[in-house]
Amino acid sequence: MDNGREIHSMKISDCYRLPWTELDNPNGWIEPTTLCNIACPGCYRGIDRPEHRPKHLGLAELKSQIDWFKTKRNVHTISIAGGEPLMYPQIIELIEYAVGKNLRTMLYTNGVLLDAEMAEKLAAAGLTQVVVHTDRFQSRPDLKRDESHIKLREKYVEIVRNFPTLRLGFIQPISADCNGELFTVMEFLEKNIDVVNLMVFTLYRNICWTESCSKELNTDITVQNLIDNIRKGYEYVPAAYLPATGNSNEFAWLFAQRVGLPGKIFGYFSPSFYAFAHKRYRRKSGRHLFISRINSIQVSSLAQFVLRKSVRKIVFNYLKYRKTNKEIEKNKLFFQTLLIIRGPEKRSGKWDLCNGCPDRMIYNGKLVPSCILEDLRGKDLADYNNL
């Protein structure tokens, strides 16, 4: 098995290896609550298991975690997850606190409580991005099992469209039999690039599954399989990655960033340009970039980098398209990130994770991977650094 060593003649070394470390990392992960209003199969927090006992964390403790991430991990963004964070009574105050620390904020939600009124509150609090998890295996009160999740996602697009400072992303868990829905999702993303600036494809992995979950979900899929499936119908050009801890030649996180207009993609940023942009941000801010407050760029701003091949292709394709589409808004393009996350894998009794993991959280005075927290509970954490 190749495990992503090459992608259409591109070696892993040709992609930009993000230089994130445990204590110099763009992201900090907090979970204000483990309460949730649905039970997703394969939930990393074990919410679908009968022994799950939900609880809220105190606001003071969460603020202390944010302070630690800012001063000790040099984070750029605080990711707020759970559980369902919109069920946390002080969620707006929590967002405001992080924003007041000059941090960007990303909130992961199943979207059941995300209506126009809630979106207005989140935008007013300064939330940078809301990321909605919907997939066909969820039992949702707002969607029947056989109904299209595209319709549900379109509802969130129209809600967030009314709040121009709020970015929107989606999480799409992927099983081995995902081909039927993959092209529909890609079409939706292209159509709504002006609102949706992030799509996270995360491969299903067995972390703390129930017996029924193990029977229902096929995890026999790799990052390379997903790339090959996408490329059966769409261009996909990766730019940056985090390797797996167990194999430096295996992708654990894989980023691609493309540019276009609704219904039309003009090209992808190359690994060299992606690296240039991120290194430039690092020099200016002293932190690594994680999420952007904007989802568009002026063509005139992009044109200053036209000597770079991938940028030149994007600008050329845009100008060519504009000749036959006079009605489009001039001098404005949108960008969209496609992120593939392999997920944790247990091999010979040891977890193979992502090297430079952004989603580490504070647990019992240690910084641990949020994705395997349930497996770590009650175990010796000597392998993890003290805060």
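A brief structural summary. (Residues numbered from 1 in each chain as written. Predicted model: local features only at pLDDT ≥ 70, side-chain atom pairs only at ≥ 80, totals over all residues. Heavy atoms only, no water.)

**With respect to the overall build of the chain**
For step 1, the next point in the chain: Per the secondary structure count, the chain includes 11 helices and 18 strands.
For step 2, the next point in the chain: Taken against the 2.2 N^0.38 rule, which gives 21 Å for 387 residues, the C-alpha radius of gyration of the chain at 20 Å falls within 12% of a compact globule.
For step 3, the next point in the chain: Expressed as lengths along the three principal axes of its C-alpha atoms, the size of the chain is roughly 60 × 50 × 50 Å.
For step 4, the next point in the chain: Looking at the chain as a whole, 57% of its 387 residues are labelled buried.
For step 5, the next point in the chain: Long-range contacts, defined as pairs at least 24 residues apart, comprise 73% of the intrachain contacts of the chain with a sequence gap of at least 6.
For step 6, the next point in the chain: Accessible area for the chain stands at about 17,100 Å²; split by element, carbon and sulfur atoms hold 50% of it. (Helix = DSSP H or I, 4+ residues; strand = E, 2+ residues; numbered from the N terminus. Rg over C-alpha atoms; globule rule 2.2 N^0.38 Å. Buried < 20%, exposed > 50% of the residue type's maximum accessible area, 1.4 Å probe, protein only. Contact = heavy atoms within 4.5 Å. Areas by Shrake-Rupley, 256 points an atom, 1.4 Å probe, with all protein chains shown as cover.)

**Topic: helix H8 (residues 271-285)**
For step 1, the next point in the chain: Taking 1.5 Å of rise per residue, the 15 residues of H8 would be expected to cover 21 Å, and the 21 Å separating its terminal C-alpha atoms lies within 8% of that figure.
For step 2, the next point in the chain: Among the residues of H8, Pro271, Phe273, Tyr274, Ala275 and His278 are the ones counted as buried.
For step 3, the next point in the chain: The first or second residue beyond H8 is Gly286, which carries a positive phi of 80°. (Expected span 1.5 Å × (residues − 1).)

**Quick look at the state of the cysteines**
For step 1, the next point in the chain: Tallied over the full model, the rule gives 0 disulfides.
For step 2, the next point in the chain: Cys357 forms no disulfide, and the closest cysteine sulfur to it belongs to Cys354, at a distance of 3.8 Å.
For step 3, the next point in the chain: With no disulfide of its own, Cys371 lies 5.9 Å from the sulfur of Cys357, the closest cysteine sulfur.
For step 4, the next point in the chain: Judged by relative accessible area, which is 15%, Cys371 ranks as buried. (Disulfide = S-S within 2.5 Å.)

**Section: the packing of aromatic side chains**
For step 1, the next point in the chain: According to the stated counting rule, one finds 15 aromatic pairs in the structure shown.
For step 2, the next point in the chain: Considering the side-chain rings of Phe266 and Tyr318, the 5.9 Å spacing of their centres and the 80° angle between planes classify their relative orientation as edge-to-face. Taken together, the residues span a long stretch of sequence, with Phe266 in strand E12 (residues 264-268) and Tyr318 in helix H10 (residues 309-323) at a distance of 52 residues. Residues Phe266 and Tyr318 agree in their burial class; the two are buried.
For step 3, the next point in the chain: One aromatic cluster is present, built from ring pairs that chain together Trp20, Trp253, Phe255 and Phe290.
For step 4, the next point in the chain: Over the ring of Phe276 we find Arg308, and its NZ or CZ is 4.3 Å from the ring centre. (Phe/Tyr/Trp six-rings, centres within 6.5 Å; stacked < 30°, edge-to-face > 60°. Lys NZ or Arg CZ within 6 Å of the ring centre and 35° of its normal.)

**Quick look at the side chain of Thr77**
For step 1, the next point in the chain: With respect to the element layout, Thr77 can be found in strand E5 (residues 77-80).
For step 2, the next point in the chain: When its relative accessible area of 0% is taken as the criterion, Thr77 is described as buried.
For step 3, the next point in the chain: Contact partners of Thr77, with chain neighbours within four places excluded, come to Pro26, Asn27, Gly28, Arg104, Thr105, Met106, Phe290 and Ile291.

**Describing the packing of helix H2 (residues 91-100) against helix H3 (residues 116-125)**
Between two packed helices, what matters for the description is the angle formed by their axes and the separation of those axes.
For step 1, the next point in the chain: At a minimum axis separation of 9 Å, H2 and H3 run at an interaxial angle of 25°. Between H2 and H3, the angle is such that the two are roughly parallel. H2 and H3 meet at a crossing whose hand is right-handed. Of the residues in H3, those touching H2 at Ile92, Ile95, Glu96 and Val99 are Lys121, Leu122 and Ala125. (Axes fitted to C-alpha atoms, helices over the stretch in contact; angles between N-to-C directions. Parallel < 35°, antiparallel > 145°, perpendicular 65-115°, else oblique. Left-handed = near helix turned anticlockwise from the far one by under 90°.)

**So, a positive patch on the surface**
For step 1, the next point in the chain: A contiguous patch of positive charge, built from Lys279, Arg280, Arg283 and Lys284, is present on the exposed surface.
For step 2, the next point in the chain: Inspection of the secondary structure assignment puts Arg283 in helix H8. (Patch = residues over 30% accessible without salt bridge, like charges linked within 9 Å, V, L, I, M, F, W, Y side chains within 5 Å. Salt bridge = Lys/Arg side-chain N within 4 Å of Asp/Glu carboxyl O. Lys, Arg positive; Asp, Glu negative; His and termini not counted. Charge placed at Lys NZ, Arg CZ, Asp CG, Glu CD.)

**Some words on the packing of helix H1 (residues 59-72) against H2**
For step 1, the next point in the chain: In contact at an axis separation of 10 Å, H1 and H2 are set at 25° when each is read in the N-to-C sense. It follows from the interaxial angle that H1 and H2 lie roughly parallel. For the pair H1 and H2, the crossing hand works out as right-handed. Note on element contacts: H2 touches H1 through Glu93, Leu94, Tyr97 and Ala98, opposite Leu59, Leu62, Lys63, Ile66 and Asp67.
For step 2, the next point in the chain: Among the residues forming the contact of H1 with H2, the class breakdown is 6 nonpolar, no polar and 3 charged. (Nonpolar A, V, L, I, M, F, W, Y, C, P; charged D, E, K, R; others polar.)

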